[in-house]
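Examining the three-dimensional arrangement
Listed below are the residues making up each chain.
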2 protein chains.
Amino acid sequence: MRHATFAALVLALITHAGAQAQPRSVVLIIGDGFDDQHVTMGRNYLAGQSGALLLDQLPVRGAVQVETVDADGRPIYVADSANTATSLATGAITQISRIGKNGNDESVPTVLEAAADAGYKTGIVSTASVTDASPAAFAAHVTIRACENPVTIRGGVKYGVTFAGCPEDLVENGGAGSIAEQLAVSPVDVILGGGMEHFVAQHETQPTAQTLAERVGVTLLSQREQLAEPHSGRVIGLFSEDTMPVKWQGTDGRTAETMERSWLNRVHQMIGSVTQPEVVKCGANPDFAAMPSLEAMTRYAVDHLSRDNDKGFFLTIESASIDKRAHERDPCGSIGEIAQLESALGVVMEYAEDHPETLIIVTADHAQAAQIVPDPTLYKSLPIPVFSPGKVARVVTPEGGVMRINYATNNIASEEHTGANVPLFANSEGAEALEPFMRQREIYHAMMRYLEL
Amino acid sequence: MRHATFAALVLALITHAGAQAQPRSVVLIIGDGFDDQHVTMGRNYLAGQSGALLLDQLPVRGAVQVETVDADGRPIYVADSANTATSLATGAITQISRIGKNGNDESVPTVLEAAADAGYKTGIVSTASVTDASPAAFAAHVTIRACENPVTIRGGVKYGVTFAGCPEDLVENGGAGSIAEQLAVSPVDVILGGGMEHFVAQHETQPTAQTLAERVGVTLLSQREQLAEPHSGRVIGLFSEDTMPVKWQGTDGRTAETMERSWLNRVHQMIGSVTQPEVVKCGANPDFAAMPSLEAMTRYAVDHLSRDNDKGFFLTIESASIDKRAHERDPCGSIGEIAQLESALGVVMEYAEDHPETLIIVTADHAQAAQIVPDPTLYKSLPIPVFSPGKVARVVTPEGGVMRINYATNNIASEEHTGANVPLFANSEGAEALEPFMRQREIYHAMMRYLEL
C-alpha cells in the first residue's frame, strides 16, 4: 500500500511536469439553432433512432440557459445569434443584435481577444459569412449585427428590415469600423468561412476590408484547393459571397410545405380532406460542390493554430445553417449542416487525443422553430382531417422511417427562433471546467479560467 | 503518508460496513411532456430568466432518446406516454399505447415488480389517474392504454377515438384484467393519485377494482386530510375521479388563443392588422383546493415506504399535467404542474440527505408542442402583420417579462407530442449509475443495477 501511494505520487509529479510543456487550448463549436429538436433530427437521420451521434458519445453533457435583455434591461425570453454569441464570447447579457457590446452598448473584451493578448493563437471558422453574428461576436464590436461592411454600417436593409446602421462605430466618428474592417485588422490568426462580399464592399474612397487585410500582410484565400497546403502568418479564407451553400437539400430542393386542403375542408376545417406533402429525401446540394467542408476548414485551422505553438489556441467553429435552413423550413439543409458539425467535431477530437489539455465545448446559441411531429398524427383514428396550421416536411430516413418536421411559428418567409435552453456537450476536460447547468455568460468564464486568463 | 493511507482504509471499511445497513432506494420522477421548452418555461416563470430551478442544481444532467416502433417493428419518431413509460419501466422498445407489453404484445416484467419480488417496498404517485399510462406501465400489462377499468377494457372511446378494448387481457379470457383491476391486487405498497372512476367502474356482475382491493385488505383513501396520518399495509388513495385538477390556471381560465385578424388581413395575410391575445397571469385554480399537492402525496409515500424498512424502496412519481395542459394549450396549467414537480423533488432530496443510497432520477417521457416564441416577433420591423398560424398565450412572469407560448402542431382541440430527446437529471448517486446520453430502456437497466436486481 505504501508502494502504491508512492507510485501515485510519482505519477502525479510526472503528469504535472508534463502539463508544463503541453499546449492548452479551447475549441468552442456553436451549432446555430442546434436545440434538442435538431439534435434529435440529426441523430434519427444520421445514426438512426437507436444510434448515437459522435456528440452523444462525449462524456460531459448539460444544458445552457439563454439570457437576453431589452433596451431597458428587462428580461426577454427569445434571443438572436448576436446577443447569444456575445454572451458566450464576452460574458455579458445584452440586447438582440449587439455584437461584442453589452446591454449599455459598450464594447466588452472577448475570450478570443484575451487569449490573443496572452499569446495564444486564435481562430474563427464558420459556414456563414465570417461577418455574421456568431463568428463576429468573438472579434468585433458593433451595435447592430447588420453593420457587416463599410457600406451596410451606414444603414440599409437586412432580412427585409431597414436598419439605421452604426454611426457610433464609423471610423470617421472614432469607431472601429464595420465587422469586416475590424476582422481585417484583428489579431485572429485564421478566419475561414463565407462573406467575400463584405470584404470587397466599398464605400466611396474608403479602403475595403480586403485592402485593410492586405496592408497588414494577411494571406487571403478564396478557393477550397488553397486549403490543401499551409500558409504562414495571418490567413483569411472567404469561399462564398455570403453564407456558404449547404451540403444537403430535399428532393428537387423542396422544403416544408402547406397541406393541400380540399374545397370542402376550406369551407370548414373539420370536413373534407387534407393531403399531407409527399415525402422528401435528403441529397447533395450541387451548389456545395465548390465549397470546402466545415471539416476541411476545421482541419486547416487546427493545423494552422497548432503548428510551432507550445502555448495553445482558442478556436471557435460555427455550423451556421442549422439555424439558417430552419428559418427557411428546410430540414435536409439543417441535417446536412449537423453532419458537417459532427465531422468538424471529429477533427478536433482527433487533435485532443494527442493534446489532452484541449477543452472541446459544443453548444447552441438559441433554440429554433423545427419540431419533430407524429407521422401520421396521434389522432389518426378521428373521423376529421388533422393537420398542421404551419408547414411540414416529411423526411425519409436511411433506416426507412418518415420523420415529419413541423415549422409553425409565423406566417412569413422566415421562422422565429424559440426560447428553450440549449444543449451543452464537452470532452473529458469539461468535467472539471463546466457545470451541468450553466448560463451562456458562464461558458465565457469557464473558457477564460481554462486558459488561465 | 502511510498514516493517511491507513486512515483512508479505515474510512473505506466503515463506509462499506455502514452500507450494509443502509436502505437502498430509487425514486424516478417523470415530468410528462417535460421537454426543454417546458423546463425553460418553468425556470423563466418560477425562478426568473437568470435563476435556477431545484432541478438545475442537481449534479447530474443528460439527455434521453425516446424510441418507438410501429406494428412492424419499424422506428417511428414521436411517442406517447404509454410506450415511453413502458420503456422506462421494462427496458422494452414498444408500440404506441402499450402498457407493460413489448413490441410483440407480450407482458414484460417491470422494475417495480422486480423490486417488490426482491423485498423492496414500492410506490406509485401521480397527478393523473393512477390508471393513466405513466403510472400504469410500472405495475400493469395491457395492450391498449385505454383499458383502464372493467368497462373500458371491453372497448369504448378515449380522447374522442374509438378503440377495440383488450380482449386478450380480460379475466374471462385468462388475462389479468384492466389496469385498475391489476393495480388493486398488485404488490404496490402505496398508490396515490386520481382515478376513482376507474376503481368504481362496474361491468355486470364482475367485482369493481375497489372491491378487489378491499378483499385483499388495501386501505382506500379518498380525502387529502387522510394523508395527515400514517396507515399500515397497502394503501391506495384516489383523490379525484380522473386526472387531478391542476394547481394553476390563466386569467379567467384563458389558454392560448388565435390572433384576432382584421377583415383586410383575412383578404390577404400580408395586409391589414393582427391583434395578439391579451396577456394572461397565472393564478390559483379553485378546483385544486380540495386536492392533495404532489408534494403532500410524495411525502406520504416516502414516509410509508421508508417506515420500518431497512431494505429500501422503488417509487415512481409522475407530474402528469405538464403534458395534459400542453395538449390543451394552457401554459399556466403546465407551469403550475412544474412547480408541483419541483416541490416533490424537494421532498425526495430531503429524504436522500439522510439516506445517501437513494438514486433520484428526473426525466420526461416525450417532448410536447409548446414553444417559447419572441414577444414581439423577431421581424417586428417588417411592414406586414407577423403572427403564429396556431394559438399563442402571452404569460406575464413574476419578474415582469412576457413569455409568449406557441401551440401550433395541429388544428384540433388537442396538440400533438413532439420527438425531441428529453432531459435527464439526477442526484449524485446518478454520477455512477447513469450516462450523459441514454435511451429510455437504458434507464430501466440502470435502476435495476442500482437496486442489484
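Residues numbered from 1 in each chain as written. Chains lettered and ligands numbered in written order. Predicted model: local features only at pLDDT ≥ 70, side-chain atom pairs only at ≥ 80, totals over all residues.

1. Examining the overall build of chain A
- Helices and strands together make up the secondary structure of chain A, namely 14 helices and 22 strands.
- Its C-alpha atoms give chain A a radius of gyration of 23 Å, near enough to 22 Å, the size a compact globule of 453 residues would have.
- Once the C-alpha set of chain A is aligned to its principal axes, its extents read approximately 75 × 75 × 45 Å.
- Out of the 453 residues in chain A, the part that is buried amounts to 58%. (Helix = DSSP H or I, 4+ residues; strand = E, 2+ residues; numbered from the N terminus. Rg over C-alpha atoms; globule rule 2.2 N^0.38 Å. Buried ≥ 20, exposed ≤ 12 C-beta atoms within 10 Å, placed from the backbone.)

2. Quick word on the environment of Ile236(B)
Residues and elements named next belong to chain B.
- Looking at the element boundaries, Ile 236 is found in strand β10 (residues 235-238).
- Judged by the 28 C-beta atoms lying within 10 Å of it, Ile 236 is buried.
- Linking Ile 236 and Glu 148, residues 88 residues apart in sequence, is a C-alpha distance of 16 Å.
- Other than its neighbours up to four places away in sequence, Ile 236 contacts Ile 191, Ala 213, Val 218 and Leu 220. (Contact = placed C-beta atoms within 7 Å.)

3. Things to note about the interface of chain A and chain B
- Facing 66 residues of chain A, the contacting portion of chain B comprises 66 residues.
- Mapped onto the side of chain A that touches chain B, the elements with two or more residues apiece are α1 (2-21), α2 (36-46), β2 (60-65), β4 (75-76), β7 (161-163), β18 (371-373), β20 (402-407) and β22 (437-439) of chain A.
- Element by element, the count of residues in the side of chain A that touches chain B is highest for α2(A), at six residues.
- Grouping the amino acids of the side of chain A that touches chain B by side-chain chemistry returns 28 nonpolar, 27 polar and 11 charged. (Nonpolar A, V, L, I, M, F, W, Y, C, P; charged D, E, K, R; others polar.)

4. Topic: the nonpolar core
- Ile29(A), Leu183(A), Ile405(A), Ile29(B), Leu183(B) and Ile405(B) are the most contacted members of the largest nonpolar core, which has 256 residues in total.
- If near-sequence neighbours (up to four positions away) are discounted, Leu183(A) is found in contact with Val130(A), Thr131(A), Ala139(A), Ala140(A), Val188(A), Ile191(A) and Ala209(A). (Core = buried A, V, L, I, M, F, W, Y, C linked by C-beta atoms within 7 Å.)

5. Examining the relation of the copies chain A and chain B
- Once chain A is rotated about the relating axis by 180° and shifted along it by 0.0 Å, it coincides with chain B to within an RMSD of 0.0 Å. Given the turn and translation reported, the copies of this chain are related as if by a two-fold rotation axis.
- An overlap of 100% is found between the interface residues of chain A and their copies at the interface of chain B, pointing to a shared contact surface. (Least-squares fit on C-alpha atoms with pLDDT ≥ 70 in both.)

6. Some details on the sheet that holds strand β20 (residues 402-407) of chain B
Residue and element names in this part refer to chain B.
- Across the sheet, which stays open at both edges, the four strands sit in the order β14-β19-β20-β18 with mixed pairing between neighbours. Taken across any chain shown, the strands that pair with only one partner, and hence form the sheet edges, are β14 (279-280) and β18 (371-373).
- Here strand β19 (residues 391-396) runs beside β20; their pairing, made up of six bridges, is antiparallel. Within β20, the residue paired with Val 396 across the bridge is Val 402. (Pairing = 2+ DSSP bridges.)

7. Observations regarding helix α3 (residues 81-90) of chain B
Residue and element names in this part refer to chain B.
- Burial of α3 is extensive: 10 of the 10 residues sit out of reach of the surface.
- Listed in full, the buried residues belonging to α3 are Ser 81, Ala 82, Asn 83, Thr 84, Ala 85, Thr 86, Ser 87, Leu 88, Ala 89 and Thr 90.
- Close packing links the buried residues of α3 with β1 (25-31), β3 (68-69), α4 (111-117), α5 (133-136), α11 (321-327) and α14 (440-450).
- Looking at the residues trailing α3, positive phi occurs at Gly 91, about 85°.

8. What about the domain arrangement of chain A?
Residue and element names in this part refer to chain A.
- By domain assignment, chain A separates into domain 1 (24-247 + 285-369 + 419-450) and domain 2 (248-284 + 371-408).
- Each of domain 1 and domain 2 has a C-alpha centre, and these two points are 33 Å apart.
- The interface of domain 1 with domain 2 comprises 21 residues on the first partner and 18 residues on the second.
- Among the elements of the structure, α2 and α12 (331-354) are those that each provide at least two residues to the side of domain 1 that touches domain 2.
- Class assignment of the residues belonging to the side of domain 1 that touches domain 2 gives a composition of nine nonpolar, eight polar and four charged. (Domains from an automatic or database assignment.)

9. Some remarks on the packing of helix α3 (residues 81-90) of chain A against helix α14 (residues 440-450) of chain A
Residue and element names in this part refer to chain A.
- Where α3 contacts α14, the axes come no closer than 6 Å and their chain directions differ by 30°. On the basis of the axis angle, α3 is roughly parallel to α14. Seen from α3, the contacting residues are Thr 84, Ser 87, Leu 88, Ala 89 and Thr 90; seen from α14, they are Gln 440, Arg 441, Ile 443 and Tyr 444.
- The residue makeup of the contact of α3 with α14, split by class, is four nonpolar, four polar and one charged. (Axes fitted to C-alpha atoms, helices over the stretch in contact; angles between N-to-C directions. Parallel < 35°, antiparallel > 145°, perpendicular 65-115°, else oblique.)

10. With respect to the pairing of strand β17 (residues 358-364) of chain A
Residue and element names in this part refer to chain A.
- The buried count for β17 comes to seven of seven residues, which makes it a mostly enclosed element.
- Across the two faces of β17 the burial is the same, with Thr 358, Ile 360, Val 362 and Ala 364 and Leu 359, Ile 361 and Thr 363 all buried.
- Pairing of strand β1 (residues 25-31) with β17 involves seven bridges; the strand directions are parallel. In the sheet register, Ser 25 faces β17, and the bridge partner there is Thr 358.
- Both β17 and strand β21 (residues 422-426) contribute to a ladder of three bridges, which runs antiparallel. Across the sheet, residue Val 362 finds its bridge partner in β21, namely Phe 425.

11. What about helix α12 (residues 331-354) of chain B?
- Between the first and last C-alpha of α12(B) there are 36 Å, a value that for 24 residues agrees with the 34 Å anticipated at 1.5 Å per step.
- Among the 24 residues that make up α12(B), 17 are buried, leaving the element largely enclosed by the rest of the structure. (Expected span 1.5 Å × (residues − 1).)

12. Notes on the sheet that holds β20(A)
- Here four strands make up an open sheet; going across it, the order is β14-β19-β20-β18 (chain A) and the pairing mixed. Each edge of the open sheet carries a strand with a single partner, namely β14 (279-280) and β18 of chain A.

13. A short note on the pairing of strand β10 (residues 235-238) of chain A
Residue and element names in this part refer to chain A.
- Along β10, one buried face is formed by Val 235 and Gly 237 and the opposite face, lined by Ile 236 and Leu 238, is buried too.
- Summarising the sheet, strand β8 (residues 190-194) and β10 pair through four bridges and their orientation is parallel. Its bridge partner being in β10, Gly 193 is matched across the sheet by Leu 238.
- Strand direction decides the pairing type here: strand β9 (residues 219-221) and β10, joined by three bridges, are parallel. Of the residues in β10, the one forming a bridge with Leu 220 is Ile 236.

14. Re the environment of Thr243(B)
- For Thr243(B), the position within the fold is in the loop between β10 and β11 (248-250).
- For the pair formed by Thr243(B) and Asp132(B), sequence separation is 111 residues and the distance between their alpha carbons is 8.4 Å.

15. Overview of the environment of Ile271(A)
Residues and elements named next belong to chain A.
- Here Ile 271 shows up in the loop between α9 (263-267) and β13 (274-275).
- Among the residues examined, Ile 271 registers 13 C-beta atoms within 10 Å and is labelled partly exposed.
- As for Ile 271 and Pro 385, which are separated by 114 residues in sequence, their C-alpha atoms are 6.7 Å apart.
- If we skip the residues at most four places from it in the chain, Ile 271 touches Leu 264 and Asn 265.

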